[in-house]
Amino acid sequence: MDSTATRTLPFIYKYKDHEGKDCESCLDVTFPFDQDDLEESVTQLLSQMDPMMRYLDENNNLEKELQSFVDTEQQNFLDDHAEKLINQAANEELDLEAIVRDTERLYKDELLLFADRMGPRDEDIFAQSFHRLVHSSSLEEILKRERAYAMVVSEMTELMDSEVESLNNSQQQEMDSQINQLDITTTSEDINNLLAHQYTTQNFVRQRYESELQATMGHQKNEYRDWITSQVSQMFQVSPVATPLGNRSSMFVSQQPSMEESFTIHLGSQLKHMHNIRILSANVTELCSPLHAEESLNGLNMALGLYSSSLCGVVVLTPSILAQASKNIIKNANKSTEFHFEQIDVQLEKIEKLIRNLNTGDSSSSSGSGSGSSADGGSEGSATSSPTKKHVPRLKTGDFFITKHSNLSQSHVIFHLISDEPINSPSEINSRHPVILGLRNILKTASRHDITTLTIPALLRHEMSEDMTVQWCIRRAELVFKCAKGFMIESASWGGAELSTLQLLLPDDISESLFTTLAGMVPSVFHVANPKILVDTTTK
């Protein structure tokens, strides 16, 4: 309806007052009339009447007559307006463009009034702000702030560990003293009571520090995010300065592996793709060390790569305990505040909750080729189809779950691959083993999510044992190398990001001779392309 089309009519209410005199109240009523204004109109009319009339319930009769008047005149107004529009349409006098604009305006007003508020989330705004700021001259200031925050959390963590260790020593001495006096001055009940008291005391100390750490991390995260967002507006008010570029090859500089060797290969049947293969000997926790533990380029490289299409991932083997990551990795991740994702403890809790909520009754129908699913805080993939026991949801060999990090030195994403191979009795596996299929699913997931640097355990073991003979290591490495090569060739048909660097991780305690032997297998398995030298043998 045209907003300018209105009609004002007088409403006259006639009544007799308490003395029997004829009286009336008048009010101009504008149409179209809003029904919500009825009560206010009645109040205005009553204000013109003797206050005694309220006690005579005259307001009820007034409201009925006003309502009847409004209904009648409102309908007459709408009928007249509709007839006017019909006549204008018949005479081609309607402004269709104006009608369209009014309809669009009314629709927008209605939508804004009742629709859900949809807009960018705080996480999206922060991510875009950080990505812009990290490629400006403010990068150095960002790293300084992160390092200062990490120092505070690290000192609190060290203080907690020191106090807990001191408490353990004193409690152990007290317990030893009580045990030595057993059946002399103390009883078994006294020892049990002492043990319960010591446990309560230690638990109280841990909870106190953990509460302080949680509060400190929350404050740091909010303060850091607010600072990042506020700096973006200031960034455009100054002249741009060249951003220091991180070298992707320097992602693994801070902890030098004891042995390493690199190769360049070309894979593909028709269209060749170049890849870097790096075999190295190192402890897997060194690739997941705290980001700001020492001065290095890791902070710069991790910041530049965080919201890029060149993410780094590490495959870590873990036993089939419910969403249980390596304790050393959890400890490293908790040495500083996670500004971009949730703390690793929260991620693991959400993954565990997801696993517990899985419908275990349908697990027997899962595909043998593997599947993957995502959840807030992490993801989980499967490579086997064996059913699990009802009401006991457990990850099977070849499954994996994912944690995301911005405060570890050399990994944005950690793939926790389930492997239950006994440490002291290495077994023989083939290319259809669940762990091998799990590696394939990890490469597929990495390709879909812009992870271009991936580190995998070359022996599917993180530690050497006496039962791992040289021949066994050669057979296992050859299997992993060949399967990885096949998966990399297959990844060309998956779409997504291309794996530019594959790192083959060997245990840090491997012998130099065995490392040299395994490194020598890489060129033969991956067919390292050597340049051909053409010599002109023709004589003049």
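Heads up: the structure comes first, above all this text.
Residues numbered from 1 in each chain as written. Predicted model: local features only at pLDDT ≥ 70, side-chain atom pairs only at ≥ 80, totals over all residues. Heavy atoms only, no water.

Contact pair helix H12 (residues 470–490) / helix H13 (residues 512–526): the axes reach a minimum separation of 10 Å and the direction vectors enclose 35 degrees. The handedness of the crossing between H12 and H13 is right-handed. Residue-level contacts link Val470, Cys473, Ile474, Ala477, Glu478, Phe481, Lys482, Lys485 and Met488 of H12 to Leu514, Thr517, Leu518, Met521, Val522, Val525 and Phe526 of H13. Of the residues that constitute the contact of H12 with H13, the class distribution is 12 nonpolar, 1 polar and 3 charged. (Axes fitted to C-alpha atoms, helices over the stretch in contact; angles between N-to-C directions. Helix = DSSP H or I, 4+ residues; strand = E, 2+ residues; numbered from the N terminus. Left-handed = near helix turned anticlockwise from the far one by under 90°. Contact = heavy atoms within 4.5 Å. Nonpolar A, V, L, I, M, F, W, Y, C, P; charged D, E, K, R; others polar.)

Turning to unusual backbone geometry, a few remarks are in order. The step from Phe31 to Pro32 runs through a cis peptide bond, and the omega angle for that step is 5 degrees. Position of Pro32 among the secondary structure elements: in the loop between strand E2 (22–31) and helix H1 (38–47). Non-glycine residue Asp450 carries a positive phi angle of around 60 degrees. Among the structural elements, Asp450 can be located in the loop between helix H11 (434–448) and strand E10 (451–457). Of the residues examined, Asp450 reaches a relative accessible area of 32% and is grouped as partly exposed. The residue Leu460 is not glycine, and still its phi comes out positive at about 55 degrees. Along the chain, Leu460 falls in the loop between E10 and H12. Residue classification places Leu460 among the buried residues on the basis of a relative accessible area of 3%. (Buried < 20%, exposed > 50% of the residue type's maximum accessible area, 1.4 Å probe, protein only.)

Moving on, we come to the packing of aromatic side chains. Summed over all chains, the structure comprises 11 aromatic pairs. Ring centres of Tyr149 and Tyr224 lie 6.4 Å apart, and the angle between their planes is 75 degrees; this geometry places the pair in the edge-to-face category. With a gap of 75 residues between them, Tyr149 in helix H6 (residues 139–180) and Tyr224 in helix H7 (residues 188–235) connect regions that are remote in the sequence. The same class applies to Tyr149 and to Tyr224, which are both buried. Ring centres of Phe481 and Phe526 lie 6.2 Å apart, and the angle between their planes is 50 degrees; this geometry places the pair in the tilted category. Of the two residues, Phe481 sits in helix H12 while Phe526 sits in helix H13, which places them 45 residues apart along the sequence. Judged on exposure class, the residue Phe481 and its partner Phe526 are both buried. Taken together through their ring pairs, the aromatic side chains of Phe126, Phe130, Tyr149, Tyr224, Tyr307 and Phe339 make up a single cluster. Note that Arg225 overlies the ring of Phe126, its terminal NZ or CZ placed 4.4 Å from the centroid. (Phe/Tyr/Trp six-rings, centres within 6.5 Å; stacked < 30°, edge-to-face > 60°. Lys NZ or Arg CZ within 6 Å of the ring centre and 35° of its normal.)

It is worth spelling out the pairing of strand E5 (residues 311–318) at this point. Among the 8 residues of E5, 8 are classified as buried, and the element is accordingly described as predominantly covered. For E5 and E10, the ladder comprises 4 bridges, and the chain directions are parallel. Each residue of the ladder has a partner; that of Leu311, found in E10, is Ile451. Bridge count between E5 and strand E9 (residues 413–418): 6 bridges; the pairing is parallel. Bridging from a neighbouring strand, Gly313 pairs with Val413 of E9. (Pairing = 2+ DSSP bridges.)

Further remarks concern the pattern of salt bridges. Pairs can form between side chains of opposite charge whenever their charged atoms are close. Counted by the stated rule, this structure contains 15 salt bridges. For Glu163, the salt bridge goes to Arg208, with nearest N and O atoms at 3.1 Å. Within this pair, whereas Glu163 is found in helix H6, its partner Arg208 is found in helix H7, the two being separated by 45 residues in sequence. Here Glu163 falls in the partly exposed class, since its relative accessible area comes to 29%. Looking at Arg208, the relative accessible area reads 31%, which means it is partly exposed. Connected through salt bridges with shared partners, the residues Glu421, Arg461 and Arg476 form a single ionic network. (Salt bridge = Lys/Arg side-chain N within 4 Å of Asp/Glu carboxyl O.)

Topologically, Asp190 is positioned in helix H7. When its relative accessible area of 35% is taken as the criterion, Asp190 is described as partly exposed.

This brings us to the packing of H11 against H12. At a closest axis distance of 10 Å, the pairing of H11 and H12 adopts a crossing angle of 35 degrees. As for how H11 packs across H12, the hand of that crossing is right-handed. Each of Ile436, Leu439, Arg440 and Leu443 in H11 lies in contact with H12, whose residues at this interface are Leu479, Cys483, Ala484, Phe487, Met488 and Glu490.

The next subject is the side chain of Thr445. By the element assignment, Thr445 lies in helix H11. Filtering out sequence-adjacent residues up to four positions away, Thr445 remains in contact with Phe400, Ile402 and Phe415.

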